[in-house]
Amino acid sequence: MSISHRDGDSRACGATTIVGGQDFVTVDGKLWAVNGDVNSDGDGGLITSHSWLTIAGKGIIVVGDSANPDDLCPVPGGPHCNPASSSGDDLINVL
């Protein structure tokens, strides 16, 4: 099972997700993150592992999905170089 990742949920680097790729599907009162959503450190667009399930034509994000480097990525391999989704809500689980 995969847990849904939402607006304001944490990333592996300590930042939080900012949902901007869709504005109508919520999970427990927060927008569900989709492919390309950035984080509060700047950039760090999320990369979906569930492209078969979409919102507004973009794959949904679940806990553990990886991300592109954010603006604080100093060296390859640091937490800002893959600020993956690290928390979410288990109200909706994707199999």
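Whatever comes next refers back to the structure up there.
Definitions and cut-offs
- Residues numbered from 1 in each chain as written.
- Predicted model: local features only at pLDDT ≥ 70, side-chain atom pairs only at ≥ 80, totals over all residues.
- Heavy atoms only, no water.
- Disulfide = S-S within 2.5 Å.
- Buried < 20%, exposed > 50% of the residue type's maximum accessible area, 1.4 Å probe, protein only.
- Core = buried A, V, L, I, M, F, W, Y, C linked by side-chain atoms within 4.5 Å.
- Helix = DSSP H or I, 4+ residues; strand = E, 2+ residues; numbered from the N terminus.
- Contact = heavy atoms within 4.5 Å.
- Salt bridge = Lys/Arg side-chain N within 4 Å of Asp/Glu carboxyl O.
- Polar contact = N/O pair within 3.5 Å; in protein donor to acceptor, adjacent residues only side chain to side chain.

**Overview of the state of the cysteines**
Alright, step 1. The full count for this structure, using the stated rule, is one disulfide.
Alright, step 2. Across the disulfide from C73 sits C81; the S-S distance is 2.0 Å. Across the S-S bond linking C73 and C81, the dihedral sits near 90°, which makes this disulfide right-handed.
Alright, step 3. For C81, a relative accessible area of 12% corresponds to the buried category.
Alright, step 4. No disulfide involves C13; its sulfur sits 9.8 Å from that of C81, the nearest cysteine.

**Observations concerning the nonpolar core**
Alright, step 1. Judged by nonpolar contacts, V27, W32, V34, I55, I60, V62 and V94 together constitute the single largest core of seven residues.
Alright, step 2. Counting residues in hydrophobic clusters, the runner-up holds five residues, among them A33, L46, I61 and A67.

**A closer look at the environment of T54**
Alright, step 1. One can find T54 in strand β6 (residues 50-55).
Alright, step 2. On a C-alpha basis, the gap between T54 and N35 in space is 9.0 Å, while along the polypeptide they are 19 residues apart.
Alright, step 3. Residues contacting T54, with those up to four places away along its chain left out, are G59 and I60.

**Considering the pattern of salt bridges**
Alright, step 1. Across all of its chains, the model carries two salt bridges by this definition.
Alright, step 2. With a shortest N-O distance of 3.1 Å, D9 and R6 are connected by a salt bridge.
Alright, step 3. With a shortest N-O distance of 3.4 Å, R6 and D89 are connected by a salt bridge. One end of the pair, R6, is in the loop between β1 (2-4) and β2 (17-18); the other, D89, is in strand β8 (residues 89-94), with 83 residues separating them in the sequence. As far as the burial class goes, R6 and D89 line up, both buried.
Alright, step 4. Among the charged side chains, a salt-bridge network with shared partners connects R6, D9 and D89.

**A look at the side chain of T48**
Alright, step 1. If you trace the backbone, T48 turns up in the loop between β5 (38-39) and β6.
Alright, step 2. A polar contact is formed between the side chain of T48 and the backbone nitrogen of H50, at a distance of 2.9 Å.
Alright, step 3. Residue contacts for T48: discarding those within four places in its chain leaves N35, G59, I60, I61 and D65.

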